[in-house]
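Listed below are the residues making up each chain.
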Amino acid sequence: ANMAKSWAEIPHVTTFDDVDATRLLEVRDALGNRHGTRIPIEALVIKAVVPALAEFPEFNASIDGDDLIVHEKIDIGIAVDTPEGLMVAVIKDAASKGVLELASEVRRLGEGARTRSLGVDELTGQTFTVSNIGAVGGGHGTPIVPYGTTAILSVGMAKPKPLVYEDDIVIAPVMPLSLSYDHRVIDGAQGRRLMALVIENLEEPALFLTG
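Residues numbered from 1 in each chain as written. Predicted model: local features only at pLDDT ≥ 70, side-chain atom pairs only at ≥ 80, totals over all residues. Heavy atoms only, no water.

**Some details on a nonpolar patch on the surface**
- Taken together, the side chains of Ile63, Leu68 and Val70 present a nonpolar region at the surface, about 220 Å² in accessible area.
- Mapping Leu68 onto the fold places it in strand β3 (residues 67–70). (Patch = residues over 30% accessible without salt bridge, like charges linked within 9 Å, V, L, I, M, F, W, Y side chains within 5 Å. Areas by Shrake-Rupley, 256 points an atom, 1.4 Å probe, with all protein chains shown as cover. Salt bridge = Lys/Arg side-chain N within 4 Å of Asp/Glu carboxyl O. Helix = DSSP H or I, 4+ residues; strand = E, 2+ residues; numbered from the N terminus.)

Shown next as structure tokens:
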């Protein structure tokens, strides 16, 4: 019902782009090897998105009648594929967490969603959503903005593709991004600005890991 309401009431706009994920995947592997744990790609994407949401707060907001409510905290919903269908679990106050904490939360919430053991507070209240459709082999898409929020970022699977750097063609892992947002609140220029900052962070993780 919420999905249908969202699609019917929110004027969706989707911005598409690609990221050279070379450095991101290198950092993911390095962190995993150093700490002896798996680092879900969502943890790094969330860490890269948080400073962009802080700079462009209209993406971390809700509409209440004619009022725009900008949320002080950044509570990130993560889409989890479960046997019963897609569920959204929520990482509360994501801005206060480091990458290892985010990785732990992504793993815990993912397992909890699949086993139906999460509480209501862990399944509600997101202010922005990250959907990793790459986990099931997806690329670009048109994610539906969850009702009560203004935007969602979909991340596809990184695959080797040719890129042009200074007139040279190189093969690099390219990660598709799809950003949907509420056009009543956010225009195309704002969408591109947020996407540009997210891409800059993802292509050089040092920019957000030191923040």
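From this point, the narrative continues.
**Let's talk about the pattern of salt bridges**
- All told, the structure shown has six salt bridges when counted by the stated rule.
- Salt-bridge contacts for Glu122 lead to Arg108; the nearest nitrogen and oxygen are separated by 2.7 Å. Taken together, the positions of Glu122 in the loop between α4 (99–114) and β6 (128–132) and Arg108 in helix α4 put the pair 14 residues apart, joining distant regions of the chain.
- On the accessibility criterion, Glu122 (17% relative accessible area) is buried.
- Between Asp182 and Arg184 there is a salt bridge; the shortest N-O distance is 2.7 Å.
- You can call Asp182 buried: its relative accessible area is 0%.
- Connected through salt bridges with shared partners, the residues Arg23, Glu26 and Glu204 form a single ionic network. (Buried < 20%, exposed > 50% of the residue type's maximum accessible area, 1.4 Å probe, protein only.)

**Some details on the layout of surface pockets**
- Space inside the largest pocket adds up to approximately 1,100 Å³.
- Lining the largest pocket are 47 residues, and of these Ala79, Val80, Leu86, Met87 and Val88 lie nearest its centre.
- Mapped by element, the contributors of at least two residues to the lining of the largest pocket are α1 (2–9), α2 (22–35), α3 (41–55), β4 (76–82), β5 (85–91), α4, β6 and β7 (151–155).
- Grouping the constituent residues of the lining of the largest pocket by class yields 25 nonpolar, 16 polar and six charged. (1 Å grid on protein atoms, 1.4 Å probe; cavity = no way out; pocket = protein on both sides within 12 Å on 5 of 7 lines; lining within 4 Å. Points joined across faces, edges and corners; volume = space filled by probe spheres on them. Nonpolar A, V, L, I, M, F, W, Y, C, P; charged D, E, K, R; others polar.)

**Some points on the environment of Thr14**
- The residue Thr14 is located in strand β1 (residues 12–20) in this model.
- Distance from Thr14 to Gly141, taken between C-alpha atoms, is 8.7 Å for residues 127 residues apart in sequence.
- At 2.8 Å, the side chain of Thr14 and the side chain of Ser180 are in polar contact. (Polar contact = N/O pair within 3.5 Å; in protein donor to acceptor, adjacent residues only side chain to side chain.)

**So, α2**
- In this model α2 runs 20 Å from its N-terminal to its C-terminal C-alpha over 14 residues, within 8% of the 20 Å that 1.5 Å per residue would give.
- Along α2, the residues classified as buried are Leu24, Val27 and Gly32. Viewed along the axis of α2, the buried residues span an arc of 130°, placing them on a single side of the element. Those residues of α2 that are exposed and angled more than 90 degrees off the buried face are Asn33 and Arg34.
- Where α2 is buried, its residues meet α3, β9 (168–182), α5 (188–203) and α6 (206–209). (Expected span 1.5 Å × (residues − 1). Arc of directions from axis to C-beta. Contact = heavy atoms within 4.5 Å.)

**Examining the nonpolar core**
- Formed by 49 residues in total, the largest nonpolar core has its most connected members in Ile46, Phe59, Ile76, Ile78, Phe128, Leu153 and Leu177.
- Taken together, the elements giving at least two residues each to this core come down to α3, β4, β5, α4, β6, β7, β9 and α5.
- At ten residues, α3 tops the list of elements feeding residues into this core.
- For Leu177, the residues in contact, after removing those within four places along its chain, are Thr15, Phe16, Asp17, Val19, His140, Leu153, Ser154, Val155, Met195, Val198, Ile199 and Leu202. (Core = buried A, V, L, I, M, F, W, Y, C linked by side-chain atoms within 4.5 Å.)

**Concerning the side chain of Glu58**
- You can see Glu58 is positioned in the loop between α3 and β2 (61–64).
- One buried charged residue, Glu58, remains without a salt bridge, the closest side chain of opposite sign being Arg193 at 6.9 Å.
- Ignoring sequence-local partners within four residues, the contact set of Glu58 consists of Leu68, Thr150, Val185, Ile186 and Gln190. (Lys, Arg positive; Asp, Glu negative; His and termini not counted.)

**Re the pairing of β5**
- Pairing geometry for β4 and β5, over seven bridges, is antiparallel. Its bridge partner being in β5, Thr82 is matched across the sheet by Gly85.
- Between β4 and β5, which pair antiparallel in sequence order, lie two residues. (Pairing = 2+ DSSP bridges.)

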